[in-house]
Amino acid sequence: MKPAPFEYHRPSSLAETFDLLDRYGDAGRILAGGQSLVPTLNMRLVSPRAVIDINRLPELDAIRETSEGLVIGALVRQGALERSALVRERAPLFAAAIPHVGHAAIRARGTIGGSLALADPAAELPACAVAMDATMRLSRRGGSRTVGAPEFFRGIYTTALEPGEVLTKIAIPRAAPGWRWGFDELARRHGDFALAGLAAGARVEGGAIVEARLVFFGVGTTPLRAHGAEAALIGRRVGAEALGRAIEALDEALDPPGDIHGSPALRRHLARVLLERVVRRLGEDRV
Ligand SMILES: Cc1cc2nc3c(=O)[nH]c(=O)nc-3n(C[C@H](O)[C@H](O)[C@H](O)COP(=O)(O)OP(=O)(O)OC[C@H]3O[C@@H](n4cnc5c(N)ncnc54)[C@H](O)[C@@H]3O)c2cc1C
């Protein structure tokens, strides 16, 4: 199929982008890497009056270390994240997750901002943003606001972005010493959206976990932080007892959806497997 006709605009500045967003309101759609938007246009699942292509905005494609932390422009391609030594060093969870995002051709065009703004519940990068305590900068004519990752993801394909706003950058704060990071997902084939995945971090002191962040994806409407399972790990060394308690707490909190790809029971089972696998690796300090 071909998309319904639309006007195409390619602004060269953020100011021009804000003008276009104000002019078209809900009838305007931002185009970043196009890896999700273009198929939905072609299938006529969306029919905007105008497509606003932000690929030529110069200020949004850099990865920089700043006082806010590691700041990644929304237009940075997923492939560029994958190749960045700075991302490997400062955002190891993103570095571990990116090879699971689709395939190399998709990552060559897909952007970090597009993945976060889309908010697919089975996507890897939103869960990494929550686990690494990232913040999002949302900009519009006349100002910007900063929203924490847990508040940014509101539901299936729904975020805190309001009409007229552009996600311009993502900041990942520097983690305190002692944090370890672990990522894994289970999908039918490599490159498919995950049936279930886990982006996790733990701060370990004297062999025991003193802080933990376990963020599951593919098992709810947003990245899902498993607070009960985290609490079950605190103050314990990683072993059968701690894992047993964490899995019990996870079971109480999870209510995964079922669809043609997997039943709720399958997703629940996969989440348990991931918890055990990733937390064991954190205990052994293996990403
Ligand atoms: C075959 C295939 C497999 C895939 N597999 C995976 C996978 O395993 N995991 C995964 O996470 N993704 C997967 N994707 C999606 C891919 O990661 C996309 O790159 C991503 O979802 C969207 O990024 P994009 O830059 O292409 O955004 P676009 O498609 O251009 O935009 C997506 C949405 O976000 C909005 N948007 C984009 N940028 C901004 C911004 N800066 N501010 C505000 N709104 C914005 C757009 O208006 C649109 O609604 C797959 C895609 C394909 C085609």
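K.L.:
Tell me about the pattern of salt bridges, and please be specific about residues and values.
P.N.:
Applying the stated criterion across every chain, the model contains 21 salt bridges. A salt bridge links Lys 169 to Glu 68, with the shortest nitrogen-to-oxygen separation between them at 3.9 Å. With Lys 169 in strand β10 (residues 166-172) and Glu 68 in the loop between β4 (63-66) and β5 (69-73), the pair connects residues that are 101 residues apart, well separated along the chain. With relative accessibility at 26%, the residue Lys 169 sits in the partly exposed group. Two residues, Asp 251 and Arg 272, come together in a salt bridge whose shortest N-O distance is 3.0 Å. With Asp 251 in helix α11 (residues 240-253) and Arg 272 in helix α12 (residues 264-284), this pair connects stretches of sequence that are 21 residues apart. One salt-bridge network, held together by shared partners, links Asp 19, Asp 22 and Arg 141.

K.L.:
Tell me about the site of the ligand, residues and numbers included.
P.N.:
In the neighbourhood of the ligand, 30 residues make up the surrounding shell, with Ile 30, Gly 34, Leu 37, Thr 111 and Glu 124 lying closest. Between an oxygen atom of the ligand and a side-chain N or O atom of Gln 78, the distance comes to 3.2 Å. For the ligand, an oxygen atom lies 3.5 Å from a polar atom in the backbone of Gly 191. Within the complex, 87% of the 970 Å² of free accessible area of the ligand lies under protein. In terms of residue count, the dominant contributor to the shell around the ligand is helix α7 (residues 112-118) (4 residues). In the shell around the ligand, the residues fall into 15 nonpolar, 12 polar and 3 charged.

K.L.:
Could you give me a rundown of the environment of Gly 164, with the residues and numbers involved?
P.N.:
Structurally, Gly 164 is set in the loop between β9 (158-159) and β10. Distance from Gly 164 to Arg 23, taken between C-alpha atoms, is 9.2 Å for residues 141 residues apart in sequence. Setting aside anything within four residues of it in sequence, one finds Gly 164 in contact with Phe 18, Leu 21, Ser 139 and Arg 140.

K.L.:
Would you mind going over the packing of α11 against α12 in detail, with residue names and values included?
P.N.:
Contact geometry of α11 with α12 gives a least axis separation of 10 Å together with a crossing angle of 145°. The two elements α11 and α12 cross, and the hand of that crossing is right-handed. Across from Leu 243, Ala 246, Ile 247, Leu 250 and Asp 251 in α11, the residues of α12 making contact are Arg 268, Ala 271, Arg 272, Leu 275, Glu 276, Val 279 and Arg 280. Partitioning the contact of α11 with α12 into residue classes produces 7 nonpolar, no polar and 5 charged.

K.L.:
Kindly report on the nonpolar core, identifying the contributing residues and their values.
P.N.:
Counting residues in each nonpolar core, the largest one holds 41 residues, and the members touching the most others are Phe 94, Ile 112, Leu 116, Met 136, Phe 152 and Ile 172. Counting residues per element, this core draws most heavily on helix α8 (residues 124-131), which supplies 6 residues. Within the second largest apolar cluster, 28 residues are counted, among which are Ala 202, Leu 243, Ala 271 and Leu 275.

K.L.:
Quick rundown of the sheet that holds strand β3 (residues 50-53)? Include the residues and the values.
P.N.:
Strand order in the open sheet formed by 3 strands is β1-β3-β2, and the pairing between neighbours is parallel. Among the strands making up the open sheet, the edge pair consists of β1 (7-9) and β2 (28-31). Taking the axes of each pair of neighbouring strands and ignoring which way they run, one obtains an average angle of 25° across the sheet. Here β1 pairs with β3 via 3 bridges, running parallel. Following the sheet pairing, Tyr 8 is matched in β3 by Val 51.

K.L.:
Requested: an account of the environment of Leu 266, with residues and values cited.
P.N.:
With respect to the helices and strands, Leu 266 occurs in helix α12. Setting aside chain neighbours within four positions, we find Leu 266 in contact with Arg 188, Leu 195 and His 261.

Thresholds, definitions, all that
Residue positions within a chain follow its written sequence, with the count starting from 1. Only residues with pLDDT of 70 or above have their local features reported here, since the model is predicted, and side-chain atom pairs are shown and tallied only from 80 upward, although totals for entire chains, interfaces and linings are computed over all residues. As a rule here, side-chain values cover all heavy atoms of the structure and leave hydrogens and water aside. Criterion for a salt bridge: a side-chain nitrogen of Lys or Arg within 4 Å of a carboxyl oxygen of Asp or Glu. The helix and strand labels rest on DSSP assignments: H or I over at least four residues marks a helix, E over at least two residues marks a strand, and numbering proceeds from the N terminus. Relative accessibility decides the category of a residue: with a 1.4 Å probe and only protein chains considered, values under 20% of the type maximum give buried, values over 50% give exposed, and everything between is partly exposed. For each residue, the test is whether any non-hydrogen atom lies within 4 Å of the molecule or strand; if one does, the residue is near. Each polar contact in these results corresponds to two N or O atoms within 3.5 Å; when the atoms are within protein, one needs to be able to donate a hydrogen and the other to accept it, and residues that are neighboring in sequence are counted only if both atoms are side-chain atoms. Each accessible area is a Shrake-Rupley result for a 1.4 Å probe, and residues are judged covered by the shown protein chains and nothing else. Here the nonpolar group is Ala, Val, Leu, Ile, Met, Phe, Trp, Tyr, Cys and Pro; Asp, Glu, Lys and Arg are the charged ones; every other residue, Gly included, is treated as polar. We call two residues contacting when some pair of their heavy atoms lies within 4.5 Å. In this analysis, axes come from line fits to C-alpha atoms, helices being fitted only over the stretch in contact, and the angle between any two N-to-C directions falls in the range 0 to 180 degrees. Here a crossing is called left-handed whenever its near helix is offset anticlockwise from the far helix by less than a right angle, and right-handed whenever the offset is clockwise. Nonpolar cores are built from buried Ala, Val, Leu, Ile, Met, Phe, Trp, Tyr and Cys residues. Side-chain atoms within 4.5 Å join them into one set. DSSP calls a pair of strands paired once it identifies at least 2 bridges connecting them.

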